[in-house]
Amino acid sequence: MPFAISLHQIEQFRKNTQTIEHAVRQRAITKNGIAATSFNQKTINQNPDVFSVDLDTGKVANQKQSGRCWMFAALNTMRHDIKDTFHLSEDFQLSQSYTYFWDKFEKANYFYENVLATATEALNSRKVSFLMTTPQQDGGQWDMMVAIIQKYGVVPQSVYPESYESSSSRTFNTTFNTKLRHDAVILRNLIAQEASTDEITQIRQTMLSEVYNMLSLTFGEPPVAFDFTYRDQNKNYHVEHNLTPKAYYEQFIGWQLDDYISIINAPTADKPFNATYTVDMLGNVVGGREVKHLNVDIDLMKSLAIKQLQAHQSVWFGVDMGPQVDRGSGVMANNMFATDDLLQVNTMMTKAQRLDYGESLMTHAMVLTGVDLDDSGKPLRWKVENSWGEKVGQKGYFIMSDDWMSEYAYQVVVNKSFLSDKLRNIYDTAEPTQLAPWDPMGALA
């Protein structure tokens, strides 16, 4: 039965607000806003910038006006190792623009692949609508970064620096998505006309050539080979001649990327723990590494991150960076803003409920560089390297309470050597369950 709001009800609601307490709250909120009025200084006091495990990772990077946090976080974890091994300066960075170029190029081809795979479905089908809503974007997943590095390698930022659009990507993304939707019209029409495979391949090749040209004009031509010159922290000069990007990766980083895997915490009924999951239509490199997650309970996810930190290696991780985060102090903690108390409502939901009802999902990737453990080894708070530059937080670093991590952290990337034999075998051998393209675990950081 429909429930219409009556004027009588509104009058009763109005009477309920005629109190001194309501008037005081109203004056504070209308003058200062919800965030400032609900700000909880005690929460900051409870999260000091002190950690029992604290890696020296140097200056933070700045992704500026782009959505490349996942890329910055991945390259930062690798940069930390390079800095320590080769004694590079605090300012050294790997080129985020280089991996960005190839990610855009591969995402175009991946989009074409999905367009052709769904070309016989109606335009208003959920899959086609999902594809056309955002043909590509800046965001990504750890496995997508691995796919790019395994195919194209990496280079220092000095070799392939930032461009205007890589640092402020909105205009390019709008233009690029228009191009991809235009191409989708052509590809779907070719399937409808029963064009030959050779004809489709030739037209797709032309489309990719146009994409490469767009990227080259916008970001610059990516290097094929280069000389790497640097001075170490002792001012000693070094030079390596004629390195390819893949050779540079092997010589200066050398991680076995297949050993670094995605561990998630998604406590929803449709995703049992200790099982693997992949996401339909999610990826970037056709034929490259697929996105695959091992879902575990939150305490296990934390313990794996701690083990890697104690092994002196930072940890890529993904969170929902919206709730209860104060950029000024760099504190991420539950009850950072006591909005329920202020507004006299109850908005409490479980982590599973937030995922199921669209309230939360992974939106940002950063790097764990420290943790403070109590006498029993339980984490109290975590040190986080962000990629928003030095003007936010503690010179770019954030402090994350352990309770906040439980509620809003969804993913860490660890070396699978830290897993038990049972879980490692599940990851390596079990067929992953395929999730829908719009599942929250397919969110791009």
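Residues numbered from 1 in each chain as written. Predicted model: local features only at pLDDT ≥ 70, side-chain atom pairs only at ≥ 80, totals over all residues. Heavy atoms only, no water.

Per an unreviewed UniProt entry, the chain is named Aminopeptidase, and its organism is Leuconostoc fallax. The chain has a UniProt comment under Subcellular location (unreviewed entry) that states "Cytoplasm". In the Sequence similarities (unreviewed entry) part of its UniProt record, the chain is described as follows: "Belongs to the peptidase C1 family." (UniProt positions renumbered as here; feature names shortened; annotations may be inferred.)

Quick notes on the packing of aromatic side chains
Scanning all chains against the criterion turns up 25 aromatic pairs. Centroid distance Tyr100 to Phe219: 5.3 Å. Interplanar angle 75 degrees. Geometry classified as edge-to-face. Of this pair, Tyr100 sits in helix H5 (residues 96-117) while Phe219 is found in helix H10 (residues 197-219), placing the two residues 119 residues apart along the sequence. When its relative accessible area of 0% is taken as the criterion, Tyr100 is described as buried. One aromatic cluster is present, built from ring pairs that chain together Phe86, Phe92, Phe226, Phe228, Tyr230, Tyr248 and Phe252. (Phe/Tyr/Trp six-rings, centres within 6.5 Å; stacked < 30°, edge-to-face > 60°. Helix = DSSP H or I, 4+ residues; strand = E, 2+ residues; numbered from the N terminus. Buried < 20%, exposed > 50% of the residue type's maximum accessible area, 1.4 Å probe, protein only.)

What about the side chain of Asp232?
With respect to the secondary-structure elements, Asp232 resides in the loop between strand S2 (226-231) and strand S3 (237-243). In terms of polar contacts, Asp232 uses its side chain to reach the backbone amide nitrogen of Asn234, at 2.8 Å. Separated by 2.9 Å, the side chain of Asp232 and the backbone nitrogen of Asn236 make a polar contact. Apart from the residues within four sequence positions on either side, Asp232 is in contact with Phe86, His87 and His238. (Polar contact = N/O pair within 3.5 Å; in protein donor to acceptor, adjacent residues only side chain to side chain. Contact = heavy atoms within 4.5 Å.)

Focus on the UniProt feature "active site" (unreviewed entry) in the chain
Feature annotation in UniProt places "active site" (unreviewed entry) on Cys69, His364 and Asn386, given in this structure's numbering. Spanning 318 residues, the annotated positions come together in the fold, the maximum distance between their C-alpha atoms being 9.5 Å. Its place among the elements puts Cys69 in helix H4 (residues 69-86). A relative accessible area of 4% places His364 in the buried class. Leave out the neighbours within four places in its chain, and His364 touches Gln63, Cys69, Phe317, Gly318, Val319, Met321, Asn386, Ser387, Trp388 and Ala445.

Remarks on the pattern of salt bridges
Under the criterion given, the structure shown has 25 salt bridges. Glu162 is paired through a salt bridge with Arg68; the nearest N and O atoms lie 2.7 Å apart. Linking Glu162 in the loop between helix H7 (142-152) and helix H8 (164-167) with Arg68 in the loop between strand S1 (53-54) and H4, this pair joins segments that are 94 residues apart in sequence. Look at Glu162 and you get partly exposed, because its relative accessible area is 28%. Taking the relative accessible area as the measure of exposure, Arg68 reaches 0% and is therefore buried. (Salt bridge = Lys/Arg side-chain N within 4 Å of Asp/Glu carboxyl O.)

A short note on the nonpolar core
Side chains of a nonpolar character, in soluble globular proteins, are inclined to be buried together. Formed by 77 residues in total, the largest nonpolar core has its most connected members in Met78, Leu94, Trp142 and Tyr248. Ranked by residue count, the leading element in this core is H5, at nine residues. Counting 38 residues, the second-largest nonpolar core is a separate cluster that includes Val371, Trp382, Ala409 and Leu419. (Core = buried A, V, L, I, M, F, W, Y, C linked by side-chain atoms within 4.5 Å.)

Overview of the side chain of Gln93
The topology assignment puts Gln93 in the loop between H4 and H5. Separated by 2.7 Å, the side chains of Gln93 and Gln96 make a polar contact. Excluding anything up to four places from it in sequence, Gln93 contacts Ala61, Phe72, Arg79, Pro156 and Gln157.

A short note on the packing of H4 against H7
Packing of H4 against H7 brings their axes to within 10 Å, and their N-to-C directions diverge by 65 degrees. In the packing of H4 onto H7, the handedness of the crossing is right-handed. Side by side, H4 and H7 meet where Trp70, Met71, Ala74, Leu75 and Met78 of the first sit next to Trp142, Met144, Met145 and Ile149 of the second. (Axes fitted to C-alpha atoms, helices over the stretch in contact; angles between N-to-C directions. Left-handed = near helix turned anticlockwise from the far one by under 90°.)

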